[in-house]
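What follows is the residue order along each chain.
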Amino acid sequence: MFKVCIISCGMIANNAHIPAFKKFRDDYEITAVCDINETAARETAQRHGIASFYTDAEAMLEAENPDVVSVCVPNKFHKEYTIMALDAGANVLCEKPLAVTYNDAKEMFDCAAKNNKVLMACQSMRFTPDRLAAKEYIDKNGIDDIYYGELSRIRRRGIPFWGAFHIKEISCGGAFIDIGVHMLDALVWLMGNPQVKSVKAVTMQNHKDEIGSLKSSGALAGKVDIARKFDPDEMDVEDFSCGMITFENGARVSFKVAWAANMPESSDIRLIGKKRGIYLPECDVFYGEDEHEKIESQKLLYDSPFAGHFYIADNLRKVLNGEAEPVIKPEETLNVTRIIELFYKSAELGREVYLYEN
Ligand SMILES: NC(=O)c1ccc[n+]([C@@H]2O[C@H](COP(=O)([O-])OP(=O)(O)OC[C@H]3O[C@@H](n4cnc5c(N)ncnc54)[C@H](O)[C@@H]3O)[C@@H](O)[C@H]2O)c1
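The present account deals with the structure reproduced in this document. (Residues numbered from 1 in each chain as written. Predicted model: local features only at pLDDT ≥ 70, side-chain atom pairs only at ≥ 80, totals over all residues.)

Section: the sheet that holds strand 5 (residues 91-94)
Working definition: the strands of a sheet are paired by backbone hydrogen bonds and lie parallel or antiparallel to each other. Across the sheet, six strands lie side by side as 3-2-1-4-5-6; this open sheet has parallel pairing. Of all the strands in the sheet, the pair left with one neighbour each is strand 3 (52-54) and strand 6 (119-121). Averaged over all adjacent pairs, the angle separating strand axes in this sheet is 20°, with direction ignored. Two elements, strand 5 and strand 6, share three bridges in a ladder whose sense is parallel. Note that in strand 6 the partner of cysteine 94 across the bridge is alanine 121. Helix-sheet contacts for helix 2 (residues 38-48) involve strand 2 (28-34) and strand 3, and the interaxial angle to strand 3 is about 165°. (Pairing = 2+ DSSP bridges. Helix = DSSP H or I, 4+ residues; strand = E, 2+ residues; numbered from the N terminus. Axes fitted to C-alpha atoms, helices over the stretch in contact; angles between N-to-C directions. Contact = placed C-beta atoms within 7 Å.)

So this is what it looks like as structure tokens:
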């Protein structure tokens, strides 16, 4: 039985992490939660029948001595709490984006290695019916020759208005690292993790006064405690971005990511290889002059809007029991983090930025 502690009690802790660990109750027991907001900590513990709550993470780690810690704080605090938990002897699931600079991500993985613990970024959107099916198809058919791709992640009116996603000081960036990071993670995973060479990116802000529903802004379970009122004047991150990533192997990927745009909602990935071209989420495969195949999308194993977190919790218990490898690998997350870092540098400098410049 692995003892689990949760650091921070916001939307994702309540709707994804805690339900996922509880699903595998034969292997996990959540012994405590923690949040600097005492009400959030107390109510979360009561809501889920968890024995203890804390407002101080260090005190919780000292008292509970957990095997596993979920780090669900806003992005700015990911590194601090991840390192604290690893050094306290826990394995860590840290929310995405793990970090926004390569050096921070490397420091976190080095700390995990030093302590002989597992650290996984919660890249939960790999686990969608189409992406799971595509990965299986790609592995089975040896498609390792992808030379061009496209990502499109569009929300109509989906600027998150709970928490502090819109404030750079706390979230470290906008739509690109909030929803774009899921697409990047899925992309490098499907492409076999080619190393990034350069990024050319543009960021914009066009819709900060137009707020939609909780669900359309990512609180998929539709329930959050809104601790502070959204103030559009505080928004200093992008709600739209576009650009192109070039990989060391010559492959190119163009992308557009929007929290808000006058376009249909999309979570599309297009991959063109010499042998096959793959369209997601439609699960269409094209080749030859007019050949076309439909991949059967996979039925998700868990009935939750945050099913990906259940896959990750399931994988972690198997890793800790010596039965599996981490499904989200450090080298993939480090590559994604490099792309994020180059993305924001490029947007700031207004030109293509190469990895060798770092
Ligand atoms: N994987 C996914 O699909 C997914 C979806 C949503 C959010 N997230 C990620 O989860 C993280 C949290 O997002 P959320 O939606 O739960 O946000 P939220 O605003 O609902 O919750 C954040 C919580 O952190 C607490 N907090 C803030 N600073 C803290 C500190 N220094 N120490 C301890 N607690 C602190 C706040 O009191 C709040 O309860 C973010 O990194 C976000 O990117 C991931």
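Some remarks on the pairing of strand 12 (residues 277-280)
Side-chain alternation along strand 12 places Ile278 and Leu280 on a buried face and Gly277 and Tyr279 on a face that remains uncovered. Pairing analysis gives four bridges linking strand 11 (residues 266-273) to strand 12, with the strands arranged antiparallel. Bridging across to strand 12, arginine 270 finds its partner in tyrosine 279. As consecutive antiparallel partners, strand 11 and strand 12 are separated by three residues. Of the pairings in the sheet, the one linking strand 12 to strand 13 (residues 284-287) comprises three bridges and is antiparallel in character. For glycine 277, the partnering residue across the bridge sits in strand 13 and is phenylalanine 286. Between strand 12 and strand 13, which pair antiparallel in sequence order, lie three residues; one of them, cysteine 283, sits at a positive phi of approximately 65°. (Buried ≥ 20, exposed ≤ 12 C-beta atoms within 10 Å, placed from the backbone.)

A few points about the site of the ligand
Near the ligand lie 24 residues; those nearest to it are Ser8, Gly10, Met11, Glu95 and Gly163. The greatest single-element share of the shell around the ligand, amounting to three residues, is contributed by helix 1 (residues 11-23). When residues of the shell around the ligand are assigned to domains, at least three fall in each of domain 1 (2-125 + 305-324) and domain 2 (127-300 + 335-357). (Near = placed C-beta within 6 Å. Domains from an automatic or database assignment.)

Quick look at the packing of helix 8 (residues 175-190) against helix 10 (residues 330-349)
Where helix 8 meets helix 10, the axes come as close as 10 Å, and the angle between the chain directions of the two elements is 135°. As judged from the angle between their axes, helix 8 and helix 10 are oblique. You can see that helix 8 and helix 10 cross each other, and the crossing is right-handed. Here Phe176, Ile177, Val181, Leu184, Asp185, Val188 and Trp189 of helix 8 lie close against helix 10, whose contacting residues are Glu332, Asn335, Val336, Ile339, Ile340 and Phe343. Residues belonging to the contact of helix 8 with helix 10 are distributed by class as follows: ten nonpolar, one polar and two charged. (Parallel < 35°, antiparallel > 145°, perpendicular 65-115°, else oblique. Left-handed = near helix turned anticlockwise from the far one by under 90°. Nonpolar A, V, L, I, M, F, W, Y, C, P; charged D, E, K, R; others polar.)

Considerations on the environment of glycine 212
Assignment of secondary structure puts glycine 212 in the loop between strand 8 (196-204) and strand 9 (240-247). The partly exposed category is assigned to glycine 212, around which 17 C-beta atoms lie within 10 Å. Residues glycine 212 and arginine 157, spaced 55 residues apart in sequence, show a C-alpha to C-alpha distance of 4.9 Å.

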